[in-house]
Amino acid sequence: MSTSHAPPTPSRPDMSGISKNGADRPPPPELVPIVPLSTRRTRAPRWLRRTSGPLLLLALWQLLSSTGVLTPDILASPGTIARVGGNLVADGSLPNAMGVSLQRVAVGLLLGTLVGTGLALVSGLFRVGEDLVDASVQMLRTVPFVGLIPLFIIWFGIGEAPKIAIITLGVSFPLYLNVYAGIRGVDSQLIEAGESLGLSRWGLVRHVVLPGALPGAMTGLRYSLGIAWLALVFAEQINADAGIGFLMVQARDFLRTDVIVVCLIVYAFLGLLADFIVRSLERLLLQWRPTFTGR
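Owing to the predicted nature of the structure, the values given are computational and were not obtained by experimental measurement. (Residues numbered from 1 in each chain as written. Predicted model: local features only at pLDDT ≥ 70, side-chain atom pairs only at ≥ 80, totals over all residues. Heavy atoms only, no water.)

Undergrad: It is not clear to me how the overall build of the protein chain should be interpreted in this structure. Could you clarify?
TA: Counting its regular elements, the protein chain contains 11 helices and zero strands. A buried classification covers 32% of the 295 residues belonging to the protein chain. Within the protein chain, residue pairs in contact and separated by at least 24 positions form 71% of the contacts whose partners lie at least 6 positions apart. With an accessible surface of roughly 19700 Å², the protein chain has 67% of that area assigned to carbon and sulfur atoms. (Helix = DSSP H or I, 4+ residues; strand = E, 2+ residues; numbered from the N terminus. Buried < 20%, exposed > 50% of the residue type's maximum accessible area, 1.4 Å probe, protein only. Contact = heavy atoms within 4.5 Å. Areas by Shrake-Rupley, 256 points an atom, 1.4 Å probe, with all protein chains shown as cover.)

Here is the structure:
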């Protein structure tokens, strides 16, 4: 009589020690956020890093002046520069000169912006405008605007007109080049998308072309501001009776290197302030364009 053997039943693990709600289960592994290497390093504040270079240069300047390497007739010490600058501010000559120079730059920058941007719009938006305008602008751009000062004196006299004209001419070309390049750099697929949505020609210009050209326009404005201050230095040599350049001419005649350095510092400060204003305006107007800011 044969006996049948049932297959062995697999043993089950003992689950008595684990509750139904899983309270005795081991905790899940803790997630550790991944931090880029660039943010792991301890860094000094950015304002300290940005000011360290000028402060080191100032300390080197003071050291060379104190040791006699730089004599006062070559370059005055920082302490002398600060004292002379305070005297010029106290007697009102430096604030008045700054006001006159700022007015000249403002008028020249305004006129140059209108001329450069207007020509760029005509040349960038219309092929006929490009044929009529671009070649002439490119030829004039290669002529050093400083070399036109004698002609401006003959045409406009020795008053304010030639000074503003030289600033206007210097400002116009960087704006023209950058605005024109910004317009022609707009993606053609965006134009096709706007046309498929039924935008008119003016709608395309307003909603597609001009926003796309705005980054180039802001870059051109920054270049133009730098050239405006450079042109002002030359313009205020034209029989000026006021302005920062006038103070520099007087200081040159009397061999006052301290006053010359004060005027140069004022030029640099005003240029830096103008560039800061344009950069702030750029961040405000171009919030829609994320860019790489360095690591």
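Moving on, there is more to tell.
Undergrad: I'm lost on the environment of T117 in this one. Help?
TA: Mapped onto the elements, T117 comes out in helix α4 (residues 93-125). Looking at T117, the relative accessible area reads 23%, which means it is partly exposed. Each C-alpha atom of the pair T117 and G220 lies 9.8 Å from the other, and the pair is 103 residues apart in sequence. Other than its neighbours up to four places away in sequence, T117 contacts G112 and L175. Reaching out from T117, the side chain makes a polar contact with the backbone oxygen of T113 at a distance of 2.8 Å. (Polar contact = N/O pair within 3.5 Å; in protein donor to acceptor, adjacent residues only side chain to side chain.)

Undergrad: Teacher, can you tell me more about the pattern of salt bridges here?
TA: Summed over the entire model, instances satisfying the criterion amount to six salt bridges. We note a salt bridge from D275 to R222, for which the minimum N-O separation is 3.0 Å. Of the two residues, D275 is situated in helix α11 (residues 257-285) and R222 in helix α9 (residues 201-235); the sequence distance between them amounts to 53 residues. Judged by its relative accessible area of 31%, R222 falls in the partly exposed class. Of the charged contacts, one joins D258 and R256 as a salt bridge, the two residues approaching to 3.0 Å between their closest N and O atoms. Look at the salt bridges and you will find they share partners, linking R104, E160 and E236 into a network. (Salt bridge = Lys/Arg side-chain N within 4 Å of Asp/Glu carboxyl O.)

Undergrad: I'm lost on the packing of aromatic side chains in this one. Help?
TA: Two descriptors summarise a pair of aromatic rings, namely the distance from one centre to the other and the angle between the planes of the rings. Overall, the coordinates contain four aromatic pairs when judged by the stated rule. Arranged with centres 6.0 Å apart and planes meeting at 50°, the rings of F152 and W155 form a pair that is tilted. Within this pair, F152 and its partner W155 are both found in helix α6 (residues 149-156), separated by three residues, close to a single helical turn. F152 gets classed as buried once you look at its relative accessible area, which sits at 9%. Here Y176 and Y180 contribute two aromatic rings whose centre-to-centre distance is 5.9 Å and whose plane-to-plane angle is 10°, an arrangement assigned as stacked. (Phe/Tyr/Trp six-rings, centres within 6.5 Å; stacked < 30°, edge-to-face > 60°.)

Undergrad: What exactly am I supposed to notice about a nonpolar patch on the surface here?
TA: Judged by side-chain polarity, V107, L110, L111 and L114 come together as a nonpolar surface patch covering roughly 350 Å² of accessible area. For L110, the location among the structural elements is in helix α4. (Patch = residues over 30% accessible without salt bridge, like charges linked within 9 Å, V, L, I, M, F, W, Y side chains within 5 Å.)

Undergrad: Explain the side chain of S123 to me, please; I cannot follow it from the model alone.
TA: With respect to the helices and strands, S123 occurs in helix α4. Those residues in contact with S123, other than ones at most four positions away along the chain, are G129, E130, V133, D134, Y176, Y180 and R184.

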